Amino acid sequence: MQRCLATLLIMVSFVCAVQGGRRTTFALGVSLEETAIPLLREKISLYRTLAIELRQGIVHLRDTEAVYQETIEDAFLIGVRTLYDVTRFLPAITQVSLYSGIEYDFVTAHQFGAEHPLATGRIIGLFVGAEKYLSDGLSLCLDAGVYHTSLSSPHLDFREEGVDLLFNILVNFYLF
Amino acid sequence: MRIAKTRLIIAAMVVLCGIPAGTQVRLGVGVMGGIKHRARTLHRTIHEQLVYPDTDQPPRLTIRWWTGSTIPKDDVLSINTFGNKKLNMPGVSGQFTMWVASSGFKPIYALCDGVVVSLERGFDRDHQVVRYGRNYAIEYCHVVNLNPDLAIGKIVRTGERIGDMWEMSSGQGVPPGTGYFEIRFLKRTADGRWIMANIYDYLEPVSQENIREIWLEKAFSPTSTAGSLTADGKFLDYFGNEITTATICGVMREIDIPGLDFTSYILYDYRK
C-alpha cells in the first residue's frame, strides 16, 4: 500500500510538473515518521499567507518483544494544522519560505477485539519551519516544534501525557 | 538577519519556558512515534496498577456453590481435575481448568476478591477475568448473564455473583438443560508472562475437601474427562502422571507451554 501511494504521488507530481509554473494552492503530501507508515496530509492555501493542512495517520502498536503490547493493535490520528507565512518578518531570508503555526490532532488507540478504545487523546503543538521548492510542484518542509500529547482511558482513571520536542520532515506534491 | 535570529531565539525560549519543571521531554521525528510511546506506556501503566488487593501473594480460594459452601454430589453431573485432556480444544492440551457440569444457568460466584480486568459479552464470548493482586487472576469461563454491576476496574468480593453458567444446546449431544463452567487459575511468571496453575492447590480446606468428595464420586464415570484408567487400575492424567485419590492431581503444578501466553486475557475492556 505504501508503494502504491508513493508511486501515485510521484506520478501526480510528474504530470503536474509538465504543466509548468509554480503551484501553491493545493498539495498532497506525506510526513516522514519514526514509525513505518508515513502520515498523509492535504494542504490548502486559504490566503496568501495562510494555509491549512489536514492530517491522517496510523501506527501499529503491537510489539512482540514486550508482553504488555500483545493486546494493543493500532492508533489512529486525525488532525489539522494552520500554517502562517512569516517570511516577510525575516526579509533577509530569500531562499526558502518560513512558516509557523499550531497543530491539533485527535488520537484513538485500540485493543485487539475490544469494544471500547484503550485510550483517546489529543496532541497540541506549536512549530516553526521552512519550505523549499525543489521544483514547481514539489517542495520539502522541515519544521520543529513543541508538542503536548495527552492520552487517557475512557472508562478508567488512567492518563499518560508529556511533552515532545519534534522535528517534522514533510514532502508536498502540489497539484494546483 | 541578526534581528531575525534574535526573534526566533526569544520565541523558542518563551515556548520552552512554558514547559513545567520536571516534565519528561521526548525528542522525536513526527508525531506518530510519540503516540506509540505514550499508548504503550499507558497500557503498561494500567497493567501494573489495575490491581486489587495490593499484594504479590496468591489468594486463598473459596468456592461458593449455588447451594452454599458445599454442594451435594448429585448436583454435579461431571467434574474434572486437574491437568485433564480437553478434547474440545485442540492445540491447547492439558489445560488446568476446573470443569464442572450441572444443569444450566446456575449462579457462579467469585472465588476471591479482585478487580475486573476483562469481560466478554456476545455469542460464544463468555470468559470473565478477575485479577487478584499483581500475580494472579481467575478466568471464569462459560459464564453468561453477567452481573450488571460488573465493569472493568470494579472491585469484586469473595462470593459476589459473576454471572450464570451457560447452558449447552441440544445439538451438542447432552441431555436438555445441561450446562457447565470452567475456572482457570492464571499466574504471572517472573518474566511477565501469564500461565495456568493448578487451582486445587489454592483452594481453602473446605472447598478442597468438597471438590475431592465430588471428584471421587464422579471422576471415574464413563463420561468423565478427568483422566484415563489403565489396565492395571492406575488413573493417569493427560501427561501420563498417576493421579492419587489423596491429592486428586497429577504431579504437574503449572503448565507453561511455549507460545501459549494468557497476557491477552488480562485486558482492560469488554471484548466483543
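Residues numbered from 1 in each chain as written. Chains lettered and ligands numbered in written order. Predicted model: local features only at pLDDT ≥ 70, side-chain atom pairs only at ≥ 80, totals over all residues.

Caption draft 1: Region of interest: the overall build of chain B. Counting secondary structure elements, chain B contains 3 helices and 16 strands. Out of the 272 residues belonging to chain B, those deemed buried represent 38%. When contacts within chain B are restricted to residue pairs at least 6 apart in sequence, long-range pairs at least 24 apart make up 69% of them. (Helix = DSSP H or I, 4+ residues; strand = E, 2+ residues; numbered from the N terminus. Buried ≥ 20, exposed ≤ 12 C-beta atoms within 10 Å, placed from the backbone. Contact = placed C-beta atoms within 7 Å.)

Caption draft 2: View of the overall build of chain A. Helix and strand counts for chain A come out as 1 helix and 8 strands. Seen in sequence order, chain A has helices and strands lined up from the N terminus as α-β-β-β-β-β-β-β-β. Counting only residues that meet the buried cut, chain A has 36% of its 176 residues in that class. Considering only intrachain contacts with a sequence separation of at least 6, the fraction spanning at least 24 residues in chain A is 48%.

Caption draft 3: Helix H2 (residues 31-49) of chain B, seen in detail. Compared with an ideal rise of 1.5 Å per residue, which puts 19 residues at 27 Å, H2 of chain B spans 27 Å between its outermost C-alpha atoms and is within 8% of the ideal. By the burial criterion, the buried members of H2 of chain B are Val31, Met32, Gly34, Ile35, Lys36, Arg38, Ala39, Arg40, Leu42, His43, Ile46 and His47 of chain B. (Expected span 1.5 Å × (residues − 1).)

Caption draft 4: Representation of the interface of chain A and chain B in the model. Between chain A and chain B, the residue contacts involve 50 residues of the former and 43 residues of the latter. Secondary-structure elements contributing two or more residues to the side of chain A that touches chain B are strand S1 (26-32), strand S3 (50-60), strand S4 (72-85), strand S5 (97-111), strand S6 (119-133), strand S7 (138-152) and strand S8 (159-174) of chain A. Counting residues per element, the side of chain A that touches chain B draws most heavily on S8 of chain A, which supplies 9 residues. Looking at the side of chain A that touches chain B residue by residue, the classes come out as 30 nonpolar, 13 polar and 7 charged. (Nonpolar A, V, L, I, M, F, W, Y, C, P; charged D, E, K, R; others polar.)

Caption draft 5: Just unusual backbone geometry, in detail. All names here are of chain B. Put simply, Tyr52 and Pro53 share a cis peptide bond, and its omega is -10 degrees. Locating Pro53 in the fold gives a position in the loop between H2 and strand S2 (78-80). Positive phi is not limited to glycine here, since His142 has a value of about 65 degrees. In this structure, His142 sits in the loop between strand S7 (136-141) and strand S8 (143-144). The phi dihedral of Asn145 falls on the positive side, at around 50 degrees, and the residue is not glycine. As for its position among the elements, Asn145 is in the loop between S8 and strand S9 (155-156).

Caption draft 6: Representation of the confidence of the model for chain B in the model. When pLDDT is averaged along chain B, the result is 82; 82% of the residues meet or exceed 70. Confidence drops under a pLDDT of 50 for residues 86-92 of chain B, and excluding neighbours within four residues, the segment shows 5 contacts in the predicted structure. (pLDDT = per-residue confidence, 0-100.)

Caption draft 7: Structural view of the nonpolar core. Ranked by size, the top nonpolar core spans 76 residues in total, and within it Ala109 of chain A together with Ala39, Ala137, Ile138, Phe185 and Ile199 of chain B carry the most contacts. With 6 residues, H2 of chain B is the single largest residue contributor to this core. (Core = buried A, V, L, I, M, F, W, Y, C linked by C-beta atoms within 7 Å.)

Caption draft 8: Region of interest: the environment of Val206 of chain B. Residue and element names in this part refer to chain B. Note that Val206 resides in helix H3 (residues 205-218). As for Val206 and Val115, which are separated by 91 residues in sequence, their C-alpha atoms are 24 Å apart. Val206 has contacts with Ser69 and Thr70, leaving out every residue within four places of it along the chain.

Caption draft 9: Quick look at the environment of Phe127 of chain A. All names here are of chain A. Within the element layout of this structure, Phe127 appears in strand S6. With 20 C-beta atoms packed within 10 Å, Phe127 lands in the buried category. Spatially, the C-alpha atoms of Phe127 and Ile10 are 27 Å apart, while their sequence positions differ by 117 residues. The contacts of Phe127, once residues within four sequence positions are left out, are Ser100, Gly101, Glu103, Asp143, Ala144, Gly145 and Asn168.

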